[in-house]
Protein chains: 2
Amino acid sequence: MRTVDPARFRARRRHIVDAAAALFAAKGFERTTTAEICRAAGMSSGNLFHYFRNKRAIFHAVFEEDGEEKARRLEEARSRDDPWEGLLEIVDLLAVPATEPLAPPLVMEAMVQAYRDSELEELLSRDSAAEHAAIASVLRKASAAGRTDPGLDPDHAASWVMALIASLYTSAATDPSFTPSEQLPMLRLILRRFLLDGREHRK
Amino acid sequence: MRTVDPARFRARRRHIVDAAAALFAAKGFERTTTAEICRAAGMSSGNLFHYFRNKRAIFHAVFEEDGEEKARRLEEARSRDDPWEGLLEIVDLLAVPATEPLAPPLVMEAMVQAYRDSELEELLSRDSAAEHAAIASVLRKASAAGRTDPGLDPDHAASWVMALIASLYTSAATDPSFTPSEQLPMLRLILRRFLLDGREHRK
DNA sequence: GTCTATAATCGGATAGAC
DNA sequence: GTCTATCCGATTATAGAC
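Residues numbered from 1 in each chain as written. Chains lettered and ligands numbered in written order. Predicted model: local features only at pLDDT ≥ 70, side-chain atom pairs only at ≥ 80, totals over all residues. Heavy atoms only, no water.

Identification of chain A as TetR/AcrR family transcriptional regulator from Streptomyces ovatisporus is taken from an unreviewed UniProt entry.

Next comes the structure, spelled out in structure tokens:
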């Protein structure tokens, strides 16, 4: 007979993380106080620290997605017969979250924090390494099939594809008139022209 | 007979700003303490606050460039006969500072701070509005001359040109293997393909 | 102009009762 | 599991001497 219900524990942590994420997005990590998180989550300080070792652990939890599901979807896209279909699927997979209002400022905050927090940096670079590998893989396939500019190095090009997707987040966070959902078509256009260099897109 | 030498006062402020910039780049705004700035600048706290109203004013000063010189160079590029020459000149003007090691982390920090600091936000958006106007201007000229894809809206395209340049800073700040100076050719390639869509670049 | 000293506040985190 | 109470340290900024 155990005294803690793991599901309830996880749900409670999730409740805290959700409350904190909105604050981190609006004010950044340092300027968000634990007292504010307590208020937003409706609990005392003593209780908050029962669920998280410290403030930083709450921030990390915001970015701990289960890679399970994502890895599955990346693998699915990467194994498509048509590499361009696979690429566009990956782009959507990575770009669509940018349409959630909290995501752009949170991603920006994560990027600057990762610069000084090696644990977070490792967390994020694990994710981005998986994304990079998937993109490079479809690019290699497309290149071999003559469906992209063969002069491009797939790994190098993949880095720029990721940079372009990241622009969706940074632009949304810095320019109020920039709406990721409206900009997705332009992102796809730039990618096509970059990678195709005048080649025909369709088979 | 005045007791303060304005030139000396400005030099002293500059000395403080230089010392602070390195700290802001390494640790961010909030985690840099005024005590650290004092140590780095070799002066006492009382003296530091003789030159700056508060810590935030020091941070702002890091980004107060004289727009004089920059406006002149933008205007010069914009008035080139060949709009592509003008565009590439502007791109270099904006991209080359990314090769200074402190610039990428400082720019990232400025972007996240601007999100919560309307004064800084105005400072930065004044700059970027001028840049956007210059880029849109050369793109309009290029489009009219049939030297870029006429289907692109110059203002919209200019925003993406700026986003691509910004990628140089964000990528450098988040990916240790990314070197802006090495990536400049690729940036230019992407811009050409994006804006030309198969058209010939040279006249 | 520059210093020392310190005021005033706020922050994260813990102890321990219930 | 949750709370109240509180500690300790750090931080920005100021007062006032030299």
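Colleague: What's the story with the overall build of chain A in this structure? I'm lost.
Modeller: Counting its regular elements, chain A contains 10 helices and 0 strands. Counting from the amino terminus, helix and strand elements in chain A follow one another as α-α-α-α-α-α-α-α-α-α. When the 203 residues of chain A are sorted by exposure, 49% land in the buried category. Within chain A, counting contacts between residues at least 6 apart in sequence, those at least 24 apart form 70% of the total. (Helix = DSSP H or I, 4+ residues; strand = E, 2+ residues; numbered from the N terminus. Buried < 20%, exposed > 50% of the residue type's maximum accessible area, 1.4 Å probe, protein only. Contact = heavy atoms within 4.5 Å.)

Colleague: Would you explain the side chain of His60 of chain A in this entry?
Modeller: With respect to the helices and strands, the residue His60 of chain A is situated in helix α4 (residues 55–62). Contact partners of His60 of chain A, with chain neighbours within four places excluded, come to Asp117, Glu119, Leu120 and Leu123 of chain A.

Colleague: Please clarify how the relation of the copies chain B and chain A should be interpreted in this entry.
Modeller: In summary, the two copies of the chain are related to each other by a rotation about an axis coupled with a shift along it. Superposition record for chain B on chain A: RMSD 0.0 Å, screw rotation 180°, translation along axis 0.0 Å. Classification of the inter-copy transformation places it as that of a two-fold axis. Every residue of chain B has its C-alpha some distance from the rotation axis, and the shortest such distance is that of Gly198 of chain B, at 2.6 Å. (Least-squares fit on C-alpha atoms with pLDDT ≥ 70 in both.)

Colleague: It is not clear to me how the domain arrangement of chain A should be interpreted in this structure. Could you clarify?
Modeller: In many analyses, interface size is given as the accessible surface area lost on bringing the parts together. Residue and element names in this part refer to chain A. If you check the domain split of chain A, you get domain 1 (6–62) and domain 2 (67–196). The C-alpha-based centres of domain 1 and domain 2 are spaced at 29 Å. Across the contact, 11 residues belong to domain 1 and 10 residues belong to domain 2. For the salt bridge of Asp117 with Arg56, the shortest nitrogen-to-oxygen distance reads 2.6 Å. The interface formed by domain 1 and domain 2 includes 5 residue pairs in polar contact (both at pLDDT 80 or more). (Domains from an automatic or database assignment. Salt bridge = Lys/Arg side-chain N within 4 Å of Asp/Glu carboxyl O. Polar contact = N/O pair within 3.5 Å; in protein donor to acceptor, adjacent residues only side chain to side chain.)

Colleague: How should I be thinking about the interface of chain B and chain A in this particular structure?
Modeller: The interface is formed by 38 residues belonging to chain B together with 38 residues belonging to chain A. For the chain B and chain A pair, buried surface summed over both sides reaches about 3,400 Å², with 63% attributable to carbon and sulfur atoms. Across the chain B-chain A interface, the total number found is 6 salt bridges. One salt bridge connects Glu109 of chain A with Arg116 of chain B, and the closest N-O pair in it is separated by 3.6 Å. Put simply, the parts of the chain that give the side of chain B that touches chain A at least two residues each are α1 (6–27), α7 (103–114), α9 (154–174) and α10 (180–196) of chain B. Broken down by element, the residue count for the side of chain B that touches chain A peaks at 11 residues, all from α9 of chain B. Grouping the amino acids of the side of chain B that touches chain A by side-chain chemistry returns 21 nonpolar, 8 polar and 9 charged. (Buried area = accessible area lost by both parts, 1.4 Å probe. Nonpolar A, V, L, I, M, F, W, Y, C, P; charged D, E, K, R; others polar.)

Colleague: Is there a simple way to explain the packing of aromatic side chains in this structure?
Modeller: In this description, an aromatic ring pair is defined by two values, namely the gap between the centres and the angle between the planes. All names here are of chain B. In total, this model carries 12 aromatic pairs over all chains according to the counting rule given. Geometrically, the ring pair formed by Phe9 and Tyr51 is tilted, given 5.1 Å between the ring centres and 35° between the ring planes. Linking Phe9 in helix α1 with Tyr51 in helix α3 (residues 45–51), this pair joins segments that are 42 residues apart in sequence. Relative accessible area serves as the criterion here: at 32%, Phe9 is assigned to the partly exposed category. Geometrically, the ring pair formed by Phe24 and Phe29 is tilted, given 5.7 Å between the ring centres and 35° between the ring planes. (Phe/Tyr/Trp six-rings, centres within 6.5 Å; stacked < 30°, edge-to-face > 60°.)

Colleague: Even after reading the chapter, I still don't get the UniProt feature "DNA-binding region" (unreviewed entry) in chain A, so can you show me in this structure?
Modeller: Sequence positions flagged by UniProt for "DNA-binding region" (unreviewed entry) are, in local numbering, residues 33–52 of chain A. Annotated as residues 33–52 of chain A, this span is 75% helix and 0% strand, and its ends, taken at the C-alpha atoms, are 14 Å apart. (UniProt positions renumbered as here; feature names shortened; annotations may be inferred.)

Colleague: Got a minute to help me understand the packing of α7 of chain B against helix α8 (residues 118–144) of chain B in this structure?
Modeller: The angle between the axes and the distance between the axes are what describe a pair of packed helices. Residues and elements named next belong to chain B. Contact geometry for α7 and α8: axes closest at 8 Å, N-to-C directions at 125°. With respect to α8, the element α7 is oriented oblique. The crossing of α7 and α8 is left-handed. Of α8, the residues touching α7 (which contributes Ala110, Gln113 and Ala114) are Leu120, Glu121 and Leu124. Tallied by class, the residues present in the contact of α7 with α8 amount to 4 nonpolar, 1 polar and 1 charged. (Axes fitted to C-alpha atoms, helices over the stretch in contact; angles between N-to-C directions. Parallel < 35°, antiparallel > 145°, perpendicular 65-115°, else oblique. Left-handed = near helix turned anticlockwise from the far one by under 90°.)

Colleague: I keep staring at α4 of chain A and nothing clicks. Help me out?
Modeller: In an α-helix, one turn spans 3.6 residues; hence positions three or four apart end up facing the same way. Residues and elements named next belong to chain A. Taking burial as the measure, the 8 residues of α4 include 6 buried ones, the bulk of the element. Of all the positions in α4, only Lys55, Arg56, Ile58, Phe59, His60 and Ala61 are classed as buried. Among the structural elements, α1 (6–27), α2 (34–41), α3 (45–51), α7 (103–114) and α8 (118–144) are those in contact with the buried residues of α4.

Colleague: How should the side chain of Lys55 of chain B be read in this particular structure?
Modeller: All names here are of chain B. Among the structural elements, Lys55 can be located in helix α4 (residues 55–62). In this structure Lys55 is buried but unpaired, with Glu30 as the nearest side chain of opposite charge at 6.8 Å. A distance of 3.0 Å separates the side chain of Lys55 from the backbone oxygen of Phe29, its partner in a polar contact. A distance of 2.7 Å separates a polar atom in the side chain of Lys55 from the backbone oxygen of Thr32. If we skip the residues at most four places from it in the chain, Lys55 touches Phe24, Phe29, Glu30, Thr32, Thr34 and Phe49. (Lys, Arg positive; Asp, Glu negative; His and termini not counted.)

Colleague: Help me out: how do you make sense of the nonpolar core in this one?
Modeller: Core analysis: the biggest nonpolar cluster contains 77 residues, and Trp160 and Leu187 of chain A together with Trp160 and Leu187 of chain B have the highest contact counts within it. Look past the residues within four positions of Trp160 of chain A in its chain and what remains in contact with it is Phe194 of chain A together with Leu164, Ser167, Leu168, Phe178, Gln183, Met186, Leu187 and Ile190 of chain B. (Core = buried A, V, L, I, M, F, W, Y, C linked by side-chain atoms within 4.5 Å.)

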